[in-house]
Structures are given as structure tokens and as C-alpha cells.
Amino acid sequence: MRTRQPGQSALLLLDVIAVLKAQTIAYAVIGAMAASVHGELRATADADALISVSASRLVGLRAVFKKAGFETDLRRGDANNPIPAMLVLSDRYGNRVDLLGGLRGLDPQAFARTVPVPFGGETLRLIGREDFIAMKCFAGGPQDMADARAALDGAQAPVDLDLLRRLTRRFGRAAADVLEQLFAR
């Protein structure tokens, strides 16, 4: 592993991505790292990624990560949780990567819309801007709204509003209403 001390969750993410690539698992980096690319620089203690696997496949993946030297914790969501399962990966320094095993409402094509971003001599696949904003509208917390607003305001290229509205509607009426409120401001 590349980590040598606390505060290096982004380096741990690079090791996680190497395992995902070896397992041919599609992923999309989300959270603060995506917020930093799509909007404003934001610090975080961990790194987050969505992966395209079933909750049952996470069990096997957990064993793969354990064998590779990661500390693992598999958490399963209940029927009301929008995240069916999450594999929490960490190292002896307390660095952490959360792998979300899906997200209710996420368009399966989100993994095809990821954006390549160079980082640490590697290339990470970050969630696309429209998917990022739609997810933030679904989450709906104050930091999520600030992230969505920053992604809209800081866009280098035009936002595909039709795609954004379609993606947000997949998360439900409440998320679609939040998006429209963002547009109204």
C-alpha cells in the first residue's frame, strides 16, 4: 500500500482502484474528490466511490481486499436505505475508502459517463457532472446543496440540462424539486 501515515485516504483510494481494475469492476469516484473537480475544493477524511456490483458480489470482493491487506467492514442497508451495501476499506493508519455497492435511483449508464482525471500518476474515473449534481439533489443536505450549486456555477462547459433533469427524476420527485429550486436561485 502507498499510505505511510494518517491523512492519506486519497492514496489508499489509488490502491483500491488497482484492485477494482484487476477485478474488472466499474467504479466512479464521488464525494469530496468529485466535488473538488466539479465545483469547489473540499477537504475530507475519507474517499468515496460507487461500484457496479451486487450486494452479494461485495462479499467476495471483501475477501479479495482482505487478502490484499486491507481492513474491511461490510455494511448492509435495510430495505429503506438507498445504499444496498457498503464496503468500508481502511489501513493501519486510519485512512478510509467507502465503496458504495450501488445507489437506488442511479442511472446504470453513470459509469459510462465518468470523467478521467489524472491523480498521483494514475487516472481516476470521477462521476460525471450531471450525475454528481443529481446525486447531490437526492442527498439534499446543506453540504450537498452547496456542492450542487458550486458544480452548476463553476461548470467549464455547458451543463446538459435535459440529461440533468432526467437523471434527477430517477431519484424521485423530492430530488427533482430540489433541482428546480437550485435553478430558481
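The structure we're discussing is the one just above.
Quantities reported herein were computed from a predicted structural model and do not represent experimental measurements.

1. Focus on the side chain of lysine 136
Step number 1: Summarising the element assignment, lysine 136 is placed in helix α4 (residues 129–139).
Step number 2: The exposure class assigned to lysine 136 is buried, which follows from its relative accessible area of 9%.
Step number 3: For lysine 136, the contacting residues outside a window of four places in its chain are Arg42, Asp144, Met145, Asp147 and Ala148.

2. Details of the layout of surface pockets
Step number 1: Taken as a whole, the largest pocket encloses approximately 330 Å³ of empty space.
Step number 2: Lining the largest pocket are 18 residues, with Ile30, Met135, Lys136, Ala139 and Asp144 sitting closest to its centre.
Step number 3: Residue assignment for the lining of the largest pocket shows that the elements contributing at least two residues are α2 (31–38), β2 (46–51), β5 (96–100) and α4.
Step number 4: Ranked by residue count, the leading element in the lining of the largest pocket is α4, at five residues.
Step number 5: Among the residues forming the lining of the largest pocket, the class breakdown is 10 nonpolar, two polar and six charged.
Step number 6: The calculated volume of the second largest pocket comes to roughly 210 Å³.
Step number 7: Lining the second largest pocket are 16 residues, with Ala10, Met33, Ser36, Thr44 and Phe119 sitting closest to its centre.
Step number 8: For the lining of the second largest pocket, the secondary structure elements donating two or more residues are α1 (9–22), α2, β2, β6 (115–119) and β7 (122–126).
Step number 9: Grouping the amino acids of the lining of the second largest pocket by side-chain chemistry returns 10 nonpolar, five polar and one charged.

3. Thoughts on the pairing of β2
Step number 1: With respect to burial, β2 is a largely interior element, six of its six residues being buried.
Step number 2: Pairing between strand β1 (residues 27–30) and β2: four bridges, direction antiparallel. The residue bridging valine 29 from the neighbouring strand is alanine 49, located in β2.
Step number 3: With five bridges joining them, β2 and β5 adopt parallel strand pairing. Bridging from a neighbouring strand, alanine 49 pairs with leucine 99 of β5.

4. With respect to the packing of helix α5 (residues 142–153) against helix α7 (residues 173–184)
Step number 1: In contact at an axis separation of 11 Å, α5 and α7 are set at 55° when each is read in the N-to-C sense. With respect to their mutual orientation, α5 and α7 come out oblique. Seen from above, α5 lies across α7 with right-handed handedness. Contacts between α5 and α7 involve Met145, Ala148, Arg149 and Leu152 from the former and Val178, Leu182 and Phe183 from the latter.
Step number 2: Here the residues of the contact of α5 with α7 sort into six nonpolar, no polar and one charged.

5. Let's talk about the packing of α4 against helix α6 (residues 161–170)
Step number 1: Packing of α4 against α6 brings their axes to within 9 Å, and their N-to-C directions diverge by 40°. Accordingly, the angle class assigned to the pair α4 and α6 is oblique. The interaxial crossing formed by α4 with α6 has right-handed handedness. Each of Glu130, Asp131, Ile133, Ala134 and Cys137 in α4 lies in contact with α6, whose residues at this interface are Leu163, Leu164, Leu167 and Thr168.
Step number 2: Looking at the contact of α4 with α6 residue by residue, the class counts come to six nonpolar, one polar and two charged.

6. A short note on the packing of aromatic side chains
Step number 1: The full count for this structure, using the stated rule, is two aromatic pairs.
Step number 2: Ring geometry for phenylalanine 138 versus phenylalanine 171: centroids 4.7 Å apart, planes at 20°, classification stacked. Taken together, the residues span a long stretch of sequence, with phenylalanine 138 in helix α4 and phenylalanine 171 in the loop between α6 and α7 at a distance of 33 residues.
Step number 3: Accessibility expressed as a relative area gives 23% for phenylalanine 138, which makes it partly exposed.
Step number 4: Residue classification places phenylalanine 171 among the buried residues on the basis of a relative accessible area of 10%.

Parameters at a glance
Residues numbered from 1 in each chain as written. Predicted model: local features only at pLDDT ≥ 70, side-chain atom pairs only at ≥ 80, totals over all residues. Heavy atoms only, no water. Helix = DSSP H or I, 4+ residues; strand = E, 2+ residues; numbered from the N terminus. Buried < 20%, exposed > 50% of the residue type's maximum accessible area, 1.4 Å probe, protein only. Contact = heavy atoms within 4.5 Å. 1 Å grid on protein atoms, 1.4 Å probe; cavity = no way out; pocket = protein on both sides within 12 Å on 5 of 7 lines; lining within 4 Å. Points joined across faces, edges and corners; volume = space filled by probe spheres on them. Nonpolar A, V, L, I, M, F, W, Y, C, P; charged D, E, K, R; others polar. Pairing = 2+ DSSP bridges. Axes fitted to C-alpha atoms, helices over the stretch in contact; angles between N-to-C directions. Parallel < 35°, antiparallel > 145°, perpendicular 65-115°, else oblique. Left-handed = near helix turned anticlockwise from the far one by under 90°. Phe/Tyr/Trp six-rings, centres within 6.5 Å; stacked < 30°, edge-to-face > 60°.

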